[in-house]
Amino acid sequence: MKALCWQGVNELSVEQVPDPAILNAQDAIVKVTASTTCGSDLHLLGGYIPAMRAGDVIGHEFIGEIVDVGPEVSRHRPGDRVVVCSIIGCGRCWACRHDEWSLCENSNPNPGVTDLMWGGTTAGIFGYSHAMGGFRGSHAEYIRVPFVDYNAFTVPEGVSDLDALFASDAAPTGWMGAELGGVRPGDVVAVWGCGAVGQMAARAAMLLGAERVVAIDRYPERLAMTARHVGCEVIDYTSTDVTAELRERTGGRGPDVCVEAVGMEADSTGIQRVYDGVKQQLRLEQDRPIAVREAIHACRKGGSVFVLGVFAGFVDKFPLGALMNKGLTLRGAQQHGQRYIPKLLDRIAKGDLKTSYLATHTMTLDEGPKGYDMFKHKKDGCVRAVFRPWA
Amino acid sequence: MKRLVAGAAALAVAGLGMARWAAARARVPAAAKDPLESSRWMGVTVNRPPDEVAPAGHLPEPLARVDAEVRMNRAPGDRGTEIYARPREHRAGADGVLARLRGEDPRTEIRTALRETKSLLETGDVLRSDEEIATTRPTLPGKVLDMALGRASEGGRL
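- Looking at an unreviewed UniProt entry, one finds chain A named Alcohol dehydrogenase catalytic domain-containing protein, with Microbispora catharanthi as its source organism.
- The UniProt entry for chain A carries the following text under Cofactor (unreviewed entry): "Zn(2+)".
- Recorded in UniProt under Sequence similarities (unreviewed entry), the annotation for chain A is "Belongs to the zinc-containing alcohol dehydrogenase family."

The structure is reproduced here in C-alpha cells:
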C-alpha cells in the first residue's frame, strides 16, 4: 500500500510499504479516508524526537472505515465509519478506567524508552516514533488500530468526514486544556497559539462558560480565522506586549486560566528566541519553552496554566519562582481523547463546535511532502493540510 | 549528500539526546548507585482483585514460567493487586553487570513476565508493535537507534 514516510530530518517521501495486519485479536484494520497534518508532527520532521527510523509512516489524526476486525472485537464491525483517537488506550488499566487514557499502562510495547526519558511509561501513539510504541501512522491507505473497541468511535450520521476528522486529536486536545485547566463560568482565559489545537482550546473555554477568551499568535491569517470562527479576542504578539495587554484587559489581574498550545518550537520576537534557538540546536535544551514562560508570568495569582503543546525533554530558564510565589497550578498531558470524543461528536452534530474550517488544504496522499512543506512554513495560510488517500 | 547530512544530523540528535537523558539519570544517585539493585523486588500493580490474579494460589502463566520469588498483596485504594517478584539468586557487582551485557540478567526476564502478566490480566492480551511488519530501511542513525531500542520492550517502570 501507499504511505507517507519519514526518511530523515526534514525529509518525507511517499512509498509502497507492506499492508498492515491484525496482530492482536482486539485489532482492526481501518481504511483511512482522511488524515491531517498536526503541529506535533513538525517535531518529528525537525528531528527533535530522537526515536524515528527511516521509513516510519507518520500521521496520527484520522478518520476511516473499518474493513477487518480481529476475533475478539465486539463493538465494531466492517463498514463502520469511525474516528480514531490518536492516543492508544487499552481501556482496562487503572489509568484508562480513570479517564487518563494517555497514561495507559498496556499500549506501549517499548516502555523502556519513555521510562528512561520521563520516569514513567506513557501510552502508545500512532505514527509518533518508536518511543511511543513504534505504531504506524495514518498517512497511509490502511492502518492497524489496536484495542479498537476502545479507540474508535462511530461517526454519527450527518457529520461530515472533515468535521469528524478533528475529533481524533485537535478538538479533544483543546477541550482537555480548557477542562483540566479548570475553566469555570466567568473566567478570563488566554490561549497561546492559534493553530487548530489552540483554536479548539479557545472554543472549548467559551463553551465551558469563560466570560472572555483571548488567543495569541503571530500569523495574521490565523488570528483572523480565530476571531471569525471561534469568536474570541486575539492578540498579535509581534506588535503587542502580551503580558501588558492581558493585564490591561483584565483589570490588572491577568487571565484566570492560561492554555499553552504551542510546544517545543515556540517563536518570539525577542532575545528569548535567539537564546533558546541556539541552546536547542546545540542540544543544551531539547525544547523552547517561550510560550510556557510567558503564560506563567501573565497568569493571575492563584491561577492555572495548562501545557498542551508537545515537549520532549529538558528546558532552560523555567520560571519556577513565579510558579511557586504566585501560587499557580501547572498541569499538562497528552490528550485523554477517549474521555471527550463521544461528547465532541455530539457537539459537532448539534453545530456547537465547528471544525471542518481548519482543513485549509485538502490533498492526495501523493502530495504529502508538499502538504507538510506548506504546513510547516504556513504557506498560503495553511492551518491544516488534510490527505485523502483514496481521492 | 543531502541524505548523508540529514543522517548525520539525526545521528547527532539521537546520540546527544540519549546522552543527555543518560546524564540526567546518572545525576540521580539513588538510581545509579543503589546497593540493593540486584535484590530489590520488582513490583507491578494490576487493576484486578487478588482472587482474580492468583485464583486458588495459581500464579498467572507468564510468572509461573520464570524462576522467581513472588509475593502479592491488595493495593491501596481501588488500585487492584500489587505483584512483586525477584530472582531467587542475586547477582551483584561485576557478575551482575556481565550478566546484563550477555543478555542473561534474570531480572530482565522477570520484568517482562510481570509486564505481560499485568497486560494479560487486564486486557486478555499482550500488545504487539507494528515494528513486526517493518516499513523501515537500515541507516546509520537507525543502527544507533536500534541499539537504544533493542531492549526497550523489556524495560519501563513496573
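From this point on, the discussion continues.
### What about the overall build of chain A?
Argument step 1. Within chain A one finds 14 helices and 18 strands.
Argument step 2. A compact globule built from 391 residues should have a C-alpha radius of gyration of about 21 Å, and chain A, at 20 Å, falls within 12% of that.
Argument step 3. Taken along the three principal axes of its C-alpha coordinates, chain A extends 60 × 45 × 45 Å.
Argument step 4. Residue burial in chain A is summarised as follows: out of 391 residues, 59% are buried.
Argument step 5. Summarising the internal contacts of chain A: among those between residues at least 6 apart in sequence, 73% fall at separations of at least 24.

### Description of the overall build of chain B
Argument step 1. The secondary structure content of chain B amounts to seven helices and three strands.
Argument step 2. In sequence order, the secondary structure elements of chain B are arranged as α-α-β-α-α-β-β-α-α-α.
Argument step 3. Taking the contacts inside chain B whose residues are at least 6 apart along the sequence as the reference set, 68% of them involve residues at least 24 apart.

### Remarks on the domain arrangement of chain A
All names here are of chain A.
Argument step 1. For chain A, the domain assignment lists domain 1 (2-169 + 335-388) and domain 2 (170-332).
Argument step 2. Facing the 28 residues of domain 1 at the interface are 24 residues of domain 2.
Argument step 3. Listed by contribution, the elements that provide at least two residues to the side of domain 1 that touches domain 2 are helix 1 (39-45) and helix 13 (337-350).
Argument step 4. The residue inventory of the side of domain 1 that touches domain 2, partitioned by class, reads 13 nonpolar, nine polar and six charged.

### Focus on the UniProt feature "domain: Alcohol dehydrogenase-like N-terminal" (unreviewed entry) in chain A
Argument step 1. In this numbering, the UniProt entry assigns the feature "domain: Alcohol dehydrogenase-like N-terminal" (unreviewed entry) to residues 25-147 of chain A.
Argument step 2. A distance of 9 Å separates the end C-alpha atoms of residues 25-147 of chain A, which is 15% helix and 26% strand.

### Some thoughts on unusual backbone geometry
All names here are of chain A.
Argument step 1. Of note in the backbone geometry, F147 takes a positive phi value of approximately 45° without being a glycine.
Argument step 2. Tracing the chain through its elements places F147 in the loop between strand 9 (142-145) and helix 4 (148-151).
Argument step 3. Here D380, not a glycine, exhibits a phi torsion of approximately 55°, which is positive.
Argument step 4. Tracing the sequence through the fold places D380 in the loop between helix 14 (368-376) and strand 18 (384-388).
Argument step 5. Take D380: there are 10 C-beta atoms within 10 Å of it, and that puts it in the exposed class.

### Focus on the UniProt feature "domain: Alcohol dehydrogenase-like C-terminal" (unreviewed entry) in chain A
Argument step 1. UniProt marks residues 196-266 of chain A with the feature "domain: Alcohol dehydrogenase-like C-terminal" (unreviewed entry), using the numbering shown here.
Argument step 2. For residues 196-266 of chain A, helix accounts for 44% and strand for 20%, while the C-alpha atoms at its two ends are 15 Å apart.

### Quick word on the environment of A:S239
Argument step 1. Checked against the element boundaries, A:S239 lands in the loop between strand 13 (233-236) and helix 9 (242-249).
Argument step 2. Sequence spacing of A:S239 and A:T269 is 30 residues, and the spatial spacing of their C-alpha atoms is 9.1 Å.

### Some points on the sheet that holds strand 12 (residues 212-217) of chain A
Residues and elements named next belong to chain A.
Argument step 1. Pairing within the open sheet is parallel, and its six strands lie in the order 13-12-11-14-15-16. If you trace the sheet from one side to the other, it starts and ends with strand 13 and strand 16 (329-332), each paired once. In this sheet, neighbouring strand axes are inclined to one another by 20° on average, regardless of whether the strands run parallel or antiparallel.

The rules behind the values
Residues numbered from 1 in each chain as written. Chains lettered and ligands numbered in written order. Predicted model: local features only at pLDDT ≥ 70, side-chain atom pairs only at ≥ 80, totals over all residues. UniProt positions renumbered as here; feature names shortened; annotations may be inferred. Helix = DSSP H or I, 4+ residues; strand = E, 2+ residues; numbered from the N terminus. Rg over C-alpha atoms; globule rule 2.2 N^0.38 Å. Buried ≥ 20, exposed ≤ 12 C-beta atoms within 10 Å, placed from the backbone. Contact = placed C-beta atoms within 7 Å. Domains from an automatic or database assignment. Nonpolar A, V, L, I, M, F, W, Y, C, P; charged D, E, K, R; others polar. Pairing = 2+ DSSP bridges. Axes fitted to C-alpha atoms, helices over the stretch in contact; angles between N-to-C directions.

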